[in-house]
Amino acid sequence: MELSYILNELGEERENYFNAVSPPIIQTSNFTFKTIADFRQALENEFDAMLYSRGHNPTLNILRQKLAALDGAEDALVFSSGIAAISVPILALLKQGDHIVSVENPYSWTIKLFNEFLSKFGISTTFVDGSAVENIENAIQPNTRLIYLESPNTFSYELQDLQAVAQVAKAKNIITMTDNSYCSPLYQQPIKLGIDLVAQSATKYIGGHSDVVAGVLTGSKALISRIFNHEFMNIGASLSPHSAWLLIRGLRTLPLRLQRSFETTKVITAWLAQHPEVDRVIWPFMRGFKQAALAQQQMQGCGGLFSFTLKDTSVQKIENFCNKLQHILMAVSWGGHESLIIPSIAGFPEADFDKNNARHLLIRMYVGLEDADYLIKDLEQALSGKA
Ligand SMILES: *Cc1c(COP(=O)(O)O)cnc(C)c1O
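This section reports on the structure supplied with the text.

Rules and cut-offs
Residues numbered from 1 in each chain as written. Predicted model: local features only at pLDDT ≥ 70, side-chain atom pairs only at ≥ 80, totals over all residues. Heavy atoms only, no water. Core = buried A, V, L, I, M, F, W, Y, C linked by side-chain atoms within 4.5 Å. Buried < 20%, exposed > 50% of the residue type's maximum accessible area, 1.4 Å probe, protein only. Helix = DSSP H or I, 4+ residues; strand = E, 2+ residues; numbered from the N terminus. Domains from an automatic or database assignment. Contact = heavy atoms within 4.5 Å. 1 Å grid on protein atoms, 1.4 Å probe; cavity = no way out; pocket = protein on both sides within 12 Å on 5 of 7 lines; lining within 4 Å. Points joined across faces, edges and corners; volume = space filled by probe spheres on them. Nonpolar A, V, L, I, M, F, W, Y, C, P; charged D, E, K, R; others polar. Salt bridge = Lys/Arg side-chain N within 4 Å of Asp/Glu carboxyl O. Phe/Tyr/Trp six-rings, centres within 6.5 Å; stacked < 30°, edge-to-face > 60°. Lys NZ or Arg CZ within 6 Å of the ring centre and 35° of its normal. Expected span 1.5 Å × (residues − 1). Pairing = 2+ DSSP bridges.

## Digging into the nonpolar core
Among the nonpolar cores identified, the biggest contains 78 residues, and Leu-272, Phe-308 and Phe-321 are the most heavily contacted of them. Broken down by element, this core gets its largest block of residues, 7 residues, from helix H3 (residues 58-71). The two domains that each donate at least three residues to this core are domain 1 (3-252) and domain 2 (254-383). Beyond its immediate chain neighbours, meaning those up to four positions away, Phe-308 contacts Leu-272, Val-278, Arg-280, Val-281, Phe-321, Ile-341, Leu-361, Leu-362, Ile-363 and Met-365. Judged by nonpolar contacts, the second largest core, of 30 residues, contains Ala-84, Leu-93, Ala-199 and Ile-227.

## Quick look at empty space enclosed by the protein
Enumeration over the complete set of coordinates arrives at 2 cavities of 30 Å³ or more. Contributing to the lining of the largest cavity are Val-103, Glu-104, Asp-129, Gly-130, Ser-131, Glu-150, Asn-153, Glu-158 and Gln-160. Of the residues assigned to the lining of the largest cavity, the class counts are 1 nonpolar, 4 polar and 4 charged. The volume enclosed by the second largest cavity comes to roughly 40 Å³.

## Focus on the pattern of salt bridges
Taken as a whole and assessed by the stated rule, the structure comprises 10 salt bridges. For the salt bridge of Asp-196 with Lys-170, the shortest nitrogen-to-oxygen distance reads 3.9 Å. Taken as a pair, Asp-196 in the loop between helix H8 (184-187) and strand S6 (197-201) and Lys-170 in helix H7 (residues 162-171) lie far apart in primary sequence, 26 residues in all. Judged by relative accessible area, which is 52%, Lys-170 ranks as exposed. The salt bridge involving Lys-266 is made with Glu-263; its shortest N-O contact spans 3.2 Å. Of this pair, Lys-266 and Glu-263 both sit in helix H11 (residues 254-273), 3 residues apart, roughly one helical turn. Classification of Lys-266 as partly exposed rests on a relative accessible area of 36%. The class of Glu-263 is partly exposed, set by a relative accessible area of 38%. A cluster of three or more residues bridged by salt bridges with shared partners is formed by Glu-12, Arg-14, Lys-66 and Arg-252.

## Comments concerning the layout of surface pockets
Roughly 940 Å³ of internal volume is contained in the largest pocket. Taken together, 35 residues make up the lining of the largest pocket; nearest its centre are Tyr-107, Ser-108, Thr-154, Phe-155 and Arg-364. Two domains each donate at least three residues to the lining of the largest pocket, and these are domain 1 (3-252) and domain 2 (254-383). In this structure, the second largest pocket encloses a volume near 420 Å³. What lines the second largest pocket is a set of 20 residues, and nearest its centre among them are Ser-156, Glu-158, Arg-280, Ile-282 and Lys-290. Tallied by class, the residues present in the lining of the second largest pocket amount to 8 nonpolar, 5 polar and 7 charged. Counting contributing residues per domain, the lining of the second largest pocket is built from domain 1 (3-252) and domain 2 (254-383), each supplying no fewer than three.

## Some remarks on the packing of aromatic side chains
Applying the stated criterion across every chain yields a total of 18 aromatic pairs. Relative to Tyr-182, the ring of Tyr-157 lies with its centre 5.9 Å away and its plane at 70°, an arrangement referred to as edge-to-face. Linking Tyr-157 in the loop between strand S4 (144-150) and H7 with Tyr-182 in the loop between strand S5 (175-179) and H8, this pair joins segments that are 25 residues apart in sequence. Note on Tyr-182: relative accessible area 1%, which makes it buried. These aromatic residues form a ring-pair network of at least three members: Tyr-157, Tyr-182, Tyr-205, Trp-334 and Tyr-366. A cation over an aromatic ring shows up here: Lys-120 above the ring of Phe-117, its NZ or CZ 5.7 Å from the ring centre. Geometry around Phe-262 places Lys-266 over its ring, the cationic atom sitting 4.4 Å from the centre.

## Quick word on helix H4 (residues 82-93)
The terminal C-alpha atoms of H4, which comprises 12 residues, lie 18 Å apart, in line with the 16 Å expected from a rise of 1.5 Å per residue. In terms of residue burial, H4 counts as a mostly covered element, since 10 of its 12 residues are buried. Within H4, the full set of buried residues consists of Gly-82, Ala-84, Ala-85, Ile-86, Ser-87, Val-88, Pro-89, Ile-90, Ala-92 and Leu-93.

## Things to note about the pairing of S6
In terms of burial, S6 is a largely internal element, 5 of the 5 residues being buried. With burial as the criterion, each face of S6 is covered, one bearing Leu-197, Ala-199 and Ser-201 and the other bearing Val-198 and Gln-200. In terms of strand pairing, S5 meets S6 through 3 bridges, oriented parallel. When the sheet's bridge partners are listed, Met-177 is paired in S6 with Leu-197. Across 4 bridges, the pairing between S6 and strand S7 (residues 215-219) is antiparallel.

Structure (structure tokens):
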């Protein structure tokens with residue numbers, strides 16, 4: 001299916017709503033039935049019905065069709081956050097006594113899900129360096145039910161060979177799931193490489209304007225309907241029709257925004273790499289990146305998220321640099337129109353800072369839609385050392 005068709009037409013039956021170009025926000029909680037027979041059928045099989053908006057809603061269904069097609073998946077579910085799109089399928093598919101093999105340092109709330117939430121229900125997790133498939137393979141136990149991936153990582157950018165991990169898992173009947181927030185479906189399609197479930201935070205690129213929190217899960221019809229019929233309905237992290245409409249609007253310009261961010265990031269990372277105050281720049285599409293060959297092989301492009309370190313490894317220097325930025329905003333999240341910065345040191349008390357811990361030195365930047373020159377001027381004045 002062509003990208004232009006997916007983003008501009010798929011799922012949009014305009015004759016049903018006055019031939020309006022933009023789809024309606026069907027702001028309703030429930031749907032009516034003319035006969036008991038129809039009502040009974042919907043209650044029996046809510047997955048194929050329009051009954052109640054905690055389950056399906058027509059505005060959300062337009063979005064679901066587009067998101068499934070973008071991933072090359074049979075079906076999709078949308079959630080009221082990215083972390084719900086990660087938590088709900090795991091709660092649905094695992095039970096007490098099961099084991100997860102996860103990449104180390106996934107998204108912060110994913111770590112909390114594994115370490116603090118699932119552990120309460122007797123589900124254990126082993127974290128491994130996923131840049132070598134053997135590490136994942138060696139961590140598999142007889143009770144391993146899930147291999148959880150995040151490629152690339154969104155702070156330190158380690159990749160996993162998605163196709164190779166999928167092969168290992170299939171041979172052992174283990175479900176594979178990956179967080180694809182970094183690439184979005186435009187730059188990486190894990191389902192096509194054999195991964196079973198793909199989650200992403202739609203708060204980031206899909207929404208694209210820093211005004212919606214949402215999540216997406218894609219996979220086979222069998223897995224998606226199984227997840228819908230139980231934990232999706234039980235946990236009730238459904239997205240509002242208005243937020244779904246904002247995501248449909250975000251999708252219209254996704255290729256333009258992503259390409260712009262990708263191009264500007266090439267300029268910014270190259271500029272930083274040659275700056276005398278800068279030590280290292282870590283970005284998967286950069287020359288010298290550790291897993292550059294794998295990045296080129298399984299990603300069609302690269303997001304605007306990268307990290308760098310300063311030669312001066314004092315906490316004061318990192319703080320001064322961040323505090324001096326005038327236009328690049330200090331905030332969590334990414335994927336919107338605005339460029340952002342978040343240094344690792346913001347995440348823990350100053351007393352815990354260890355300059356020998358490489359992760360502590362990382363400054364993560366997200367490149368939004370501003371002009372490269374505008375961002376470089378801001379970086380330059382903040383790097384110039386005068387506190
Ligand atoms: C933001 C983010 C999430 C969580 O998404 P929310 O929409 O904030 O719930 C998960 N994974 C990654 C990589 C993220 O960046």
